[in-house]
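Each chain is listed here by its residues.
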Amino acid sequence: MAQDEQEINYFVRVNNTDLDGTKPVITSLTGIKGVGRHTAKFIAETASVEKNALMGKLEEASVDRIREVVSNYAERIPVWMSNRPKDIYTGEKRHLLGADVMMTVDDDINLLKKIRAYRGIRHETGQKVRGQRTKSCGRTGLIVGVKRKRV
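Residues numbered from 1 in each chain as written. Predicted model: local features only at pLDDT ≥ 70, side-chain atom pairs only at ≥ 80, totals over all residues. Heavy atoms only, no water.

1. Focus: the overall build of the protein chain
Move 1: A count of helical and extended segments in the protein chain gives 6 helices and 2 strands.
Move 2: The secondary structure elements of the protein chain, listed N-terminal to C-terminal, are β-β-α-α-α-α-α-α.
Move 3: In summary, the protein chain has a C-alpha radius of gyration of 22 Å against a globular reference of 15 Å for 151 residues, an excess of more than 25%.
Move 4: Restricting the contact set of the protein chain to residue pairs at least 6 apart, pairs at least 24 apart contribute 41%.
Move 5: About 11200 Å² of surface is accessible on the protein chain, with carbon and sulfur atoms providing 51% of the total. (Helix = DSSP H or I, 4+ residues; strand = E, 2+ residues; numbered from the N terminus. Rg over C-alpha atoms; globule rule 2.2 N^0.38 Å. Contact = heavy atoms within 4.5 Å. Areas by Shrake-Rupley, 256 points an atom, 1.4 Å probe, with all protein chains shown as cover.)

Laid out in structure tokens, this is it:
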């Protein structure tokens, strides 16, 4: 079979995530939570994989190298590149990937609510948290606009 006629894997499984095999490696790796474009480029270079090659056309050895780099990603990067440079509980550098990202964010929000921090109270009441104005945007009431007087 020729190189151009090679079968394509439409889904490639990396880190418990199905990645799109019809996209380039860098774009496909951003489908993992916690992996952005910069991280995806680093992973591709470390695994010595062509970053613009289609993910579904890579041979199994290349995909295994990508899986290995993703699983050991936190140890290979400097502190400034991690998405959790100082963990609240342990104080060490961590880089969260996949479902760990959402679980940790939920735990952090629950901690803010528990200690009754201002941000936690805003999360509880469903209001804007990061200092945005709320006079005209972010309204949650039932009435919208001005009621007209019936004649």
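The structure having been displayed, the exposition proceeds.
2. Quick word on the side chain of T104
Move 1: Its location among the elements puts T104 in helix 5 (residues 99-114).
Move 2: Under the relative-accessibility criterion, T104 is labelled buried at 14%.
Move 3: Among residues more than four places away in sequence, those in contact with T104 are R84 and L96. (Buried < 20%, exposed > 50% of the residue type's maximum accessible area, 1.4 Å probe, protein only.)

3. Focus: the side chain of H95
Move 1: Positionally, H95 belongs in the loop between helix 4 (73-76) and helix 5.
Move 2: You can call H95 buried: its relative accessible area is 11%.
Move 3: Side-chain polar atoms of H95 contact the backbone oxygen of G34, separated by 2.9 Å.
Move 4: If we skip the residues at most four places from it in the chain, H95 touches G34, Y73, A74, I77, M81, S82 and N83. (Polar contact = N/O pair within 3.5 Å; in protein donor to acceptor, adjacent residues only side chain to side chain.)

4. Considering unusual backbone geometry
Move 1: Unlike most non-glycine residues, N16 shows phi in positive territory, near 60°.
Move 2: You can see N16 is positioned in the loop between strand 1 (11-14) and strand 2 (17-20).
Move 3: A positive phi angle, near 50°, is found at S48, a position not held by glycine.
Move 4: Relative to the assigned elements, S48 resides in the loop between helix 2 (37-46) and helix 3 (60-71).
Move 5: Take S48: its relative accessible area is 53%, and that puts it in the exposed class.

5. Quick look at the pairing of strand 1
Move 1: Only one face of strand 1 is buried, namely the one carrying V12 and V14, since none of F11 and R13 on the opposite face is buried.
Move 2: Bridge count between strand 1 and strand 2: 4 bridges; the pairing is antiparallel. Its bridge partner lying in strand 2, V12 is registered against L19.
Move 3: Counted between consecutive antiparallel strands, the loop separating strand 1 from strand 2 contains 2 residues, among which N15 sits at a positive phi close to 55°. (Pairing = 2+ DSSP bridges.)

6. Side note on the environment of V25
Move 1: Within the secondary structure layout, V25 lies in helix 1 (residues 25-29).
Move 2: As a C-alpha pair, V25 and A40 span 15 residues in sequence and 7.9 Å in three-dimensional space.
Move 3: Leaving out residues up to four positions away in the same chain, V25 has contacts with A44, V49, E50, K51, A53, M55, L58 and I66.

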